[in-house]
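Structural overview for review
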Amino acid sequence: MTNSFVFLCLLLLLLPLVAAQLRVGFYNSTCPRAELIVRKVIQERFRDNRTITAALLRMHFHDCFVRGCDASVLIDPTKTTPSEKDAVPNQTVREFHLIDKAKKKLEAACPGIVSCADIITLATRDSVALAGGPNYSVPTGRRDGLISDPNLVDVPGPTFSVSEALQSFTAVGLTLFDMVTLLGAHTVGVAHCDFFQDRLSDFEGTGKPDPTMDPALVSNLFSLCGTQSRPLKHDLTTFLDRTTPFIVDNQYYNDILSGRGIMQIDQELALDDSTASFVSGFANDALGFQLSFANALSRLALHRGVPLHLWHSMFLELDIQLLRFASSIGCLI
Ligand code: HEM
């Protein structure tokens, strides 16, 4: 066998493995301090601003739901080419500069090695742990995407029903249980009035507030936001979890069980037959929520642009085809 033939055989046999594998400690040999560098940047920023956990969780979600976790949400628009940042749901995504800062430090330590997609994933993990949430291992080795098209941003909206929202989650290989668990991210952070104002007065043309919202909360939010036709200001926000807004805990589920969900989707989660039992389960099981949240975030972070089950079978199929081809040209006996 010539050297080039042996090389071709090796390439054919190894290619699917290389392309398919994310693994914990991917940068151990190429950039051993990578995870440490990210953690330090996040710790420093968290000391000044505890809201970064919310910002990073939302950024991670919006990144992963559009063509997989590939950092396409970070790409800046140019004068001629818009990017995901221009899409309406991304206009309130925050802290992009924090990822830029970590990337800059990583480039100084090990140029061209660590992807921004991995930085977002690691930064989210670290900020969740800092806010009292679970710590979990993050497989790394993601590559950054080059496509960032605002028209592809199709994240669910706050007035979606549970079944409409579920369609978005199943489209990326996540389950109903994953969805209920991941919405637990609304245990931190804020929502702008625009996203729930319709619930405060003339809800669905009834002339009254949303009857599923606690009346005390209605009047409090009404005095904060005004009405849709007469908003007080456009940039006002309220905490999604008004009891422990900076802590990753199961309080969100207790809130929505008592009619204190801020957005319609939050409240629906507690009321819909398909999700109500998961919600009361988490409301009564703080540790169970932490474990499931870590697991659901890990599953979200594995999303690579096609549903998880499709991704696995795609690579299985590619493996089989390459092995067949390798065998047909004599690489295998
Ligand atoms: C049906 C699914 C979801 C809908 C409809 C939804 C919708 C929204 C909306 C409209 C906001 C308010 C944004 C603003 O006013 O700036 C928000 C905030 C937030 N969302 Fe979601 N979301 C969903 C799922 C998720 C998931 C899966 C995560 C993360 C795993 C997440 C994390 C957050 C966080 C942390 C905030 C607060 C952001 C901040 O403080 O800047 N959401 N969400």
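Definitions and cut-offs
Residues numbered from 1 in each chain as written. Predicted model: local features only at pLDDT ≥ 70, side-chain atom pairs only at ≥ 80, totals over all residues. Helix = DSSP H or I, 4+ residues; strand = E, 2+ residues; numbered from the N terminus. Buried ≥ 20, exposed ≤ 12 C-beta atoms within 10 Å, placed from the backbone. Contact = placed C-beta atoms within 7 Å. Near = placed C-beta within 6 Å.

So, the environment of Asp241
By secondary structure assignment, the location of Asp241 is in the loop between β2 (237-239) and α9 (251-257). Judged by local crowding, Asp241 falls into the buried class, with 28 C-beta atoms found within 10 Å. Measuring from C-alpha to C-alpha, the distance between Asp241 and Asn254 comes to 9.6 Å, with 13 residues separating the pair along the chain. When near neighbours in sequence (up to four residues on either side) are disregarded, Asp241 contacts His186, Thr187, Val188, Gln251, Tyr252 and Asp255.

Some points on the site of the ligand
Near the ligand, the surroundings consist of 25 residues, among which Ala54, Thr92, Ala185, Gly189 and His192 are the closest. Contributing elements (two or more residues each) for the shell around the ligand: α3 (52-64) and β1 (190-192). The biggest single contributor to the shell around the ligand is α3, with 5 residues.

Topic: unusual backbone geometry
In this structure, Ala71 is a non-glycine residue whose phi angle is positive, near 65°. Position of Ala71 among the secondary structure elements: in the loop between α3 and α4 (96-109). Of the residues examined, Ala71 has 23 C-beta atoms within 10 Å and is grouped as buried. With a phi angle near 50°, Glu204 is a residue other than glycine that sits in the positive phi range. Its location among the elements puts Glu204 in the loop between β1 and α8 (215-225). Judged by the 11 C-beta atoms lying within 10 Å of it, Glu204 falls in the exposed class.

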